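Here is how the chains run, residue by residue.
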Amino acid sequence: MRALLIRDLRLALRSGGGFGLGLAFFLILAVLVPLGVGAEGGTLGRIAPGILWVGALLACLLSLDRIFALDHEDGSLDLLATSPLPLEGAVAMKALAHWLVTGLPLTLLAPGLGVLLNLAPPAYGWLALSLVLGTPTLSMVGAFGAALTVGLRRGGLLLSLLVLPLYVPTLIFGAEVVRRGAEGMALGTPLALLAAISLGAAALLPFAAAAALRVNLR
Amino acid sequence: MSIWEYANPKKFMQTSAWALPWAVALTVALLVTGLVWGFFFTPDDYKQGSTVKIIYLHVPSAMMAINAWAMMLVASMIWIVRRHHVSALAAKAAAPVGLTFTLIALVTGALWGQPMWGTWWAWDPRLTSFLILCLFYLGYIALWSAIENPDTAADLTSILCLVGSVFALLSRYAVNFWNQGLHQGASLSLDKEENVADVFWLPLLVCIAGFILLFITMVLMRTRTEIRQRRLQALLARERVA
Amino acid sequence: MILETTDLSVARGGVTVLAGLGFAVGAGQALVLRGPNGSGKTTLLRTLAGLQPPVAGRVMLSPDAVAYAAHADGLKSTLTVAENLAFWASIYGGPPPERAIAALDLAGLIRRRAGELSAGQKRRLGLARLLVTGRPLWLLDEPTVSLDVASVALFAAVVREHLRQGGAAVIATHVDLGLPEARILDLDPYRTRVLARDGFDEAFA
């Protein structure tokens, strides 16, 4: 399993592209929003938690179809499915690799973009924490969506349609944590729920995704 | 005789051919009775005036929007466990019907909300949940139509339906948490205190029964169409091989 | 017996292509599948590998006996030859890659990236993967595509060595592999001409 993780990370680093693009997209979004909404600090500060969370979610979406599509094209997926590695484990490792190259960098970049969007000072820590807890769900749910659409032409568009509704709970709780953090309110409940969704997704979705992959490889 | 015999396509076609005219007749009778009774023979509400009568479309379609998804969930599980084709096709057939009920509930809700709350749309938990439900239906239908092999499509959409149900429930609670709403409480509940008044209640029950039958009728019709289509595809595939 | 099938039927795209297959492959034996394009060689191999379920009949083999090699080699073009092999070796927990590198004459290439190899070299790397799996039963789909004469001989020697050590192989091919001892299974008699798998006949019977 570790070999697969290391291979995926190495591939992501060598081929560049993918995850760097996601970060660039996140940055551009944070620049475009003030241009569209207006530079008035109060408004920006109020919408910043939502914008940052929606931005992270969309940036994550960009590279989802690569989770399985490349392995499907060059035949590795067939070979992985017939290997001693359980497919559920392979799915979990690939989702983890995706998180390490998208979710984690997004989390690190987000506070910087919070400055651009005039985010309230107390919220920075909560922003990073909510993203650390929430983005694994984005990768795991994304891996599930990618497993459903792996063999399809124009699967990318369908993938967004399937995955975005599944992102709703994470988005709501994640943005709520940051909003409450900015206003200095109690945020234990949404934070706990955010973490709970991540843990639940990590525990159950590999099985659903592996089942979908097996169907698609038939 | 086991209930699973109806999962045999032939048995299903025979039984549904017999049941369909009755279902259509009963649906029409109940809907006409319920709607006419509701629209013309109930008093106006003292606060809401005659706009209250949209309840006879709004509440039943909202209920059926959710029940249709529940039915798809059950049918998907039957397909995954017992691999009866009719079950998978019934789930496929129910999705556009459920989506239509969702849209009816949203539109009638907007029409009702405008005079009541002074706005067509509010990001109220119930409204938002229905909008999200609508997205789930769209994704499900899109996945069905994107995959060519019918068995693969049935498998994948069933998995999506299972996972989607969990996330739909999560979304429901997340949305509740996110915004407390304008929407009134449940129109029907066992707790009599919250219920709508009796004069509205009886025609509403008739309408709900009518909508349930409408759903069953349409799903039966559409499932028959799907079965015929599968049969056609099987014949064409055979033609190409021969 | 390492592999045994009884009355096996396989389907591609919902249409049964082969039916009534029964054969057995024991230790030290190779079976060559022959048949024109579209006769179901790949489908049969994928069924044996467990990637798709049989329509009817049974496949009896131990699930951790199989190493499958498809048309595509499953190579990552940005990884070096050594990294590609090391990855599969650690996935299978098989023997270290040195022997595989020597057997398929890849020693001069190990630092090159797989993307820089020629088609034939890639194929050799894909076949070297089989050796690092350490699995007894090889299921090979057109293994000699894009190999030159010398490489085909190299490959035949590798297969023969594998058989000598008690391995087995099922090979789909339409070229001569230089393995005279291999049994040949002609798939033509098992092809189904008019049989759609769908159970929807009964709806209108």
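A quick note: this is a predicted structure, and the numbers were derived from the prediction, not measured. Per chain, residue numbering runs from 1 following the sequence as it is written. In the order they appear in the text, chains get letters beginning with A and ligands get numbers beginning with 1. Two thresholds apply to this predicted model, a pLDDT of at least 70 for residue-level local features and 80 or more for giving and counting side-chain atom pairs, whereas whole-chain, interface and lining totals are computed over all residues.

## Considerations on the overall build of chain C
For helices the rule is a DSSP run of H or I covering at least 4 residues; for strands it is a run of E covering at least 2, with both sets numbered from the N terminus onward. Secondary structure assignment for chain C yields five helices and eight strands. A compact globule built from 205 residues should have a C-alpha radius of gyration of about 17 Å, and chain C, at 18 Å, falls within 12% of that. Neighbour counting defines burial: a residue surrounded by 20 or more other C-beta atoms within 10 Å of its own C-beta is buried, one with 12 or fewer is exposed, and intermediate counts give partly exposed, using backbone-placed C-beta atoms. Evaluated residue by residue, chain C yields a buried proportion of 43% over its 205 residues. Here contacts are defined at the residue level, using C-beta atoms placed from the backbone and a cut-off of 7 Å between them. Pairs at least 24 apart in sequence give 76% of the contacts found in chain C among residues at least 6 apart. For the radius of gyration, the atom set is restricted to C-alpha positions; the globular benchmark scales as 2.2 Å times the number of residues to the power 0.38.

## As for the environment of C:Val81
Residue and element names in this part refer to chain C. Summarising the element assignment, Val81 is placed in helix H2 (residues 81-92). Taking the C-alpha atoms as reference, Val81 lies 36 Å from Asp186; in sequence the two are 105 residues apart. If we skip the residues at most four places from it in the chain, Val81 touches Leu106, Leu109, Ile110, Arg112, Ala114 and Leu125.

## Some points on the interface of chain B and chain A
Contacts between the two partners involve 21 residues from chain B, matched on the other side by 20 residues from chain A. Residue assignment for the side of chain B that touches chain A shows that the elements contributing at least two residues are helix H4 (125-146) and helix H5 (150-178) of chain B. A total of 12 residues in the side of chain B that touches chain A trace back to one element, the largest contributor, which is H5(B). Of the residues belonging to the side of chain B that touches chain A, the class tally is 17 nonpolar, three polar and one charged. When residues are sorted by character, Ala, Val, Leu, Ile, Met, Phe, Trp, Tyr, Cys and Pro go into the nonpolar class, Asp, Glu, Lys and Arg into the charged class, and all the rest, Gly among them, into the polar class.

## Notes on the interface of chain C and chain A
Every contact between the two is made by 21 residues of chain C and, on the other side, 19 residues of chain A. Sorting the residues of the side of chain C that touches chain A by element identifies strand S5 (66-69) and H2 of chain C as the ones contributing at least two each. The element that contributes the greatest number of residues to the side of chain C that touches chain A is H2(C), accounting for four residues. Looking at the side of chain C that touches chain A residue by residue, the classes come out as 11 nonpolar, seven polar and three charged.

## Observations concerning the confidence of the model for chain C
Residues at a pLDDT of 70 or more form 94% of chain C, whose mean pLDDT is 83. As scored by the predictor, the complex reaches a pTM of 0.90 and an ipTM of 0.90. The pLDDT score gives, residue by residue, the confidence of the prediction method on a 0 to 100 scale.

## Focus: the UniProt feature "transmembrane region" (unreviewed entry) in chain B
Residue and element names in this part refer to chain B. Within this numbering scheme, the UniProt entry marks residues 20-41, 61-81, 93-112, 127-147, 159-179 and 199-221 as carrying the feature "transmembrane region" (unreviewed entry). Helix makes up 100% of residues 61-81 and strand makes up 0%, while its end C-alpha atoms are separated by 30 Å. Its end C-alpha atoms 30 Å apart, residues 93-112 is made of 100% helix and 0% strand. UniProt positions are given in the numbering used here, feature names are shortened, and annotations may be inferred rather than shown by experiment.

## Thoughts on the confidence of the model for chain B
Parts of the prediction with low pLDDT should not have their coordinates interpreted in detail. Taken over all residues, the pLDDT of chain B has a mean of 85, while the share at 70 or more is 88%. Below pLDDT 50 for its whole length, residues 189-194 of chain B participates in four contacts with residues either more than four positions away or in separate chains.

## Topic: helix H5 (residues 149-164) of chain C
All names here are of chain C. In this model H5 runs 23 Å from its N-terminal to its C-terminal C-alpha over 16 residues, within 8% of the 22 Å that 1.5 Å per residue would give. Restricting attention to buried positions, one finds in H5 the residues Phe155, Val158, Val159 and His162. Considered in projection along H5, the buried side chains sweep an arc of 95 degrees and stay on one side of the axis. Opposite the buried face of H5, by more than 90 degrees, sit the exposed residues Val149, Ala150 and Arg164. Contacts made by the buried residues of H5 are with strand S3 (30-34), helix H3 (98-103), helix H4 (119-133), strand S6 (137-141) and strand S7 (168-172). The span expected for a helix works out to 1.5 Å for each residue beyond the first. What the arc describes is the spread of directions from the helix axis to the C-beta atoms.

## A short note on the sheet that holds S7(C)
For sheets, the rule is that strands pair by backbone hydrogen bonds, running either parallel or antiparallel. Residue and element names in this part refer to chain C. Read across the open sheet, the five strands follow the order S5-S6-S7-S3-S8; overall the sheet is parallel. In the strand order of this sheet, the two ends are held by S5 and strand S8 (183-186), each with one partner. Shown here is a sheet whose adjacent strand axes are inclined to one another by a mean of 15 degrees, direction ignored. At least two bridges found by DSSP between two strands are what make those strands a pair. Looking at chain direction, S5 and S6 are connected through four bridges and run parallel. The residue bridging Ala69 from the neighbouring strand is Leu140, located in S6. For every element, the axis is a line fit to its C-alpha atoms; helices are fit only across the contacting stretch, and the angle between N-to-C directions ranges from 0 to 180 degrees. Each of S3, S6 and S7 is contacted by H5, which is oriented at about 145 degrees to S7, the strand it contacts most.

## Here we look at helix H9 (residues 168-183) of chain A
Residue and element names in this part refer to chain A. A rise of 1.5 Å per residue sets the reference length of H9, with its 16 residues, at 22 Å; its end C-alpha atoms lie 22 Å apart and thus fit the reference within 8%. Within H9, 15 of the 16 residues are buried, which leaves it mostly tucked inside the rest of the structure. Gly184 sits one or two positions beyond H9 and adopts a positive phi of about 70 degrees.

## Quick notes on the sheet that holds strand S1 (residues 3-12) of chain C
Residue and element names in this part refer to chain C. The strand order across the open sheet formed by three strands is S2-S1-S4, and the pairing between neighbours is antiparallel. Every other strand in the sheet has two partners, leaving strand S2 (15-25) and strand S4 (56-61) as the edge strands with one partner each. Averaged over all adjacent pairs, the angle separating strand axes in this sheet is 30 degrees, with direction ignored. Of the strand pairs in this sheet, S1 and S4 are connected by five bridges, and their pairing is antiparallel. Looking across to S4, one finds that Leu3 is bridged to Leu61. Helix H1 (residues 41-48) rests against S1, S2 and S4 of the sheet, and its axis sits at about 125 degrees to S1.

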